[in-house]
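Observations on the model geometry
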Amino acid sequence: MSLHEECGVFGVISPQPANLAGIVYYGLYALQHRGQESCGIVVNDDGVFSSYKELGLVSEVFSAEKLSRFPEGTMAVGHVRYGTTGANRRSNCQPIEVNHQKGKMALAHNGNLSNAVELRNQLELSGAIFHTTSDTETIAYIVTRERLRCDSIEEALSAAMNVLDGAYSLVLMSSRKLICARDPYGFRPLCYGRTPDGMYVAASESCALKAVGAEFVRDLEPGEILVFGPEGIVSRREHCGKQEKRVCIFEYIYFARPDSVIDGISVHGARLQAGRILAGEYPVEADIVVGVPDSGLDAALGYSMESGIPYGIGLIKNKYIGRTFISPGQEERLDQVKIKLSAIEECVRGKRVVLVDDSIVRGTTSGRIVRLLREAGAREVHMRISAPPFLHPCYYGTDIDSRENLIACRHSVEEIAGIIGADSLGYLPVSGLADLAGGRGYCSACFDGDYPTAVPSDTCRDRFERKLSAAVQSGR
């Protein structure tokens, strides 16, 4: 089992009508690493929303012909999804669109509400009818409910944030405004920039700004609501400073692209530092340092720089595998690792290899990669992990929802090394996480169990599917 990415959100507002669908397409393409299940785009043409959402990668869903169907507009939002709440079905694709008495709204969400079950139950008891099993629809309902009481969409969002708990970075589009918001803990990243022709662009990561020619302006502060509208740019900070900042440390270790900068910290630099720490904590006599593509490469380079052991490209990743590459029924017959990775025998044959990866979840994938290197002739394989052992579930968006799936909960480090076939194994110490985050506040609950919010009452990813199934079976 490999960790799945988060979601990616993107929004753009233009001073005059433009081909915004194309801009969102390239923004989402830059954020594809954050979600490969589905994607969607909504364009606002003078209050008329045009949208398309489907399962698949950005390049699979949006052909040139599909993009040409979008009208020019002054605002647009987009989303790439890996769902941590709700099944992989078309109804859960985002952005979610809402038509209500005071207008329209399109909402894109990255994160996971820790109180989603309680909020959804309250809404259903008040008469709300849900069409998806995603917690994003819960956010949309609450914002809509508050909009009926408030004078503006940004006031409605602010009121909604009083009851939302957990991780959420939002890009919301109404008929006249583009609004961004980050939860008071700042679990998930969100930033904005400006293009030379006066467009403002918001995205989960700064790499998406660069992809569309926008210059980075700044990150949103935890709890900040940023409004782009007829009155210009307005920052609302009534929710700022309510909580200690707790950005997800795994953004730096795994989720984000290396060329992104999150809250002033280079992702590439953080991963180099993780490798340096590993080299200091777990030195070993070896001939070459090899990283597992892609997120293990920077840490491997850091290990090499600190240890003096040469860095080599010992593994090649096939970057052209789409989500439909494997036909149904083939999974059991084919080794997924060998399809996605191959070893360069010339680099590893007869050598003692330091293999650097970002994490071990169940150990199955790590074991196959170690075996791949041994089959290519590696004499020794010493595994180094640029994260601490996973010991606790995550309730803020990372796909770790069960302790029984975590190998570190059942075995010692020495036992895990034996299970995956490595000659030795070393994890990044929990104390090293502070160096990755530049000493600023971060969430490391999946490693140390220090949860910033209350633990949810129901922690299963398919909790709303189970509820729906029970309702159908009971005849409701």
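Residues numbered from 1 in each chain as written. Predicted model: local features only at pLDDT ≥ 70, side-chain atom pairs only at ≥ 80, totals over all residues. Heavy atoms only, no water.

**Quick notes on the packing of aromatic side chains**
- Inspection of the entire model under this criterion finds 17 aromatic pairs.
- Members of the aromatic cluster, connected to one another through ring pairs, are F250, Y254, F255, F390 and F447.
- Seen from the ring of F130, R120 lies directly overhead, with NZ or CZ sitting 4.0 Å from the centre. (Phe/Tyr/Trp six-rings, centres within 6.5 Å; stacked < 30°, edge-to-face > 60°. Lys NZ or Arg CZ within 6 Å of the ring centre and 35° of its normal.)

**Remarks on the sheet that holds strand β2 (residues 38–45)**
- Strands sit in the order β3-β2-β4-β1-β10-β9-β11 across an open sheet of seven strands; the sheet is antiparallel. Because the sheet does not close on itself, it has two edges, and the strands there are β3 (48–55) and β11 (215–219). Between one strand axis and the next, the sheet turns by 15° as a mean value, whatever way the strands run.
- The pairing of strand β9 (residues 191–194) with strand β10 (residues 200–203) spans four bridges and is classified as antiparallel. For C191, the partnering residue across the bridge sits in β10 and is A203.
- Its contacts with the sheet place helix α1 (residues 20–30) against β1 (8–18), β2 and β4 (73–81), and it is angled at close to 25° to β4. (Pairing = 2+ DSSP bridges. Helix = DSSP H or I, 4+ residues; strand = E, 2+ residues; numbered from the N terminus. Axes fitted to C-alpha atoms, helices over the stretch in contact; angles between N-to-C directions. Contact = heavy atoms within 4.5 Å.)

**A few points about the confidence of the model for the chain**
- Predicted confidence across the chain gives a mean pLDDT of 90, with 91% of residues reaching 70 or more.
- The low-confidence segment residues 323–329 (pLDDT under 50) makes 13 contacts with residues lying over four places distant or belonging to another chain. (pLDDT = per-residue confidence, 0-100.)

**Structural notes on α1**
- In terms of burial, α1 is largely enclosed, as eight of its 11 residues are buried.
- Where α1 is concerned, the buried positions are L20, A21, G22, V24, Y25, G27, L28 and A30.
- Residues of α1 that are buried make contact with β1, β2, α2 (58–61), α3 (64–68), β4 and α7 (206–211).
- Between the side-chain oxygen at the start of α1 and the backbone nitrogen of G22 there is a gap of 3.4 Å, and the oxygen is on N19. (Buried < 20%, exposed > 50% of the residue type's maximum accessible area, 1.4 Å probe, protein only. Polar contact = N/O pair within 3.5 Å; in protein donor to acceptor, adjacent residues only side chain to side chain.)

**Regarding the pattern of salt bridges**
- Applying the stated criterion across every chain, the model contains 25 salt bridges.
- E224 is the partner of R237 in a salt bridge, and the nearest nitrogen-oxygen pair spans 3.6 Å. With R237 in the loop between β13 (232–236) and β14 (247–248) and E224 in the loop between β11 and β12 (225–229), this residue pair connects regions lying 13 residues apart in the sequence.
- Residue R237 is classed as partly exposed on the basis of its relative accessible area of 43%.
- Here E285 ties to R352 by a salt bridge, and the two come within 3.7 Å at their closest N and O atoms. With E285 in the loop between α9 (267–281) and β17 (288–291) and R352 in strand β21 (residues 352–357), this residue pair connects regions lying 67 residues apart in the sequence.
- Ionic contacts of the salt-bridge type, sharing partners, join the residues R34, R188, E205 and E251 into one network. (Salt bridge = Lys/Arg side-chain N within 4 Å of Asp/Glu carboxyl O.)

**Overview of the nonpolar core**
- I249, F250, I253 and F447 are the most contacted members of the largest nonpolar core, which has 37 residues in total.
- Elements with a minimum of two residues in this core: β14, α8 (250–255), α9, α10 (297–307), β21, α15 (433–436) and α16 (445–448).
- Residue contributions to this core peak at six residues, all from α9. (Core = buried A, V, L, I, M, F, W, Y, C linked by side-chain atoms within 4.5 Å.)

**Notes on the environment of G111**
- Within the fold, G111 resides in strand β6 (residues 103–113).
- A residue is classified by how much of its surface remains accessible, and G111, at 8% relative accessible area, is buried.
- A C-alpha to C-alpha distance of 4.9 Å links G111 and G397, two positions 286 residues apart in sequence.

**Re unusual backbone geometry**
- The peptide bond linking Q94 to P95 adopts the cis configuration, its omega dihedral lying at 5°.
- Within the fold, P95 resides in the loop between β4 and β5 (96–100).
- Following P293, the chain continues into D294 via a peptide bond in cis, with omega recorded as 0°.
- Phi angles above zero are rare outside glycine, and D263 is one such case at about 50°.

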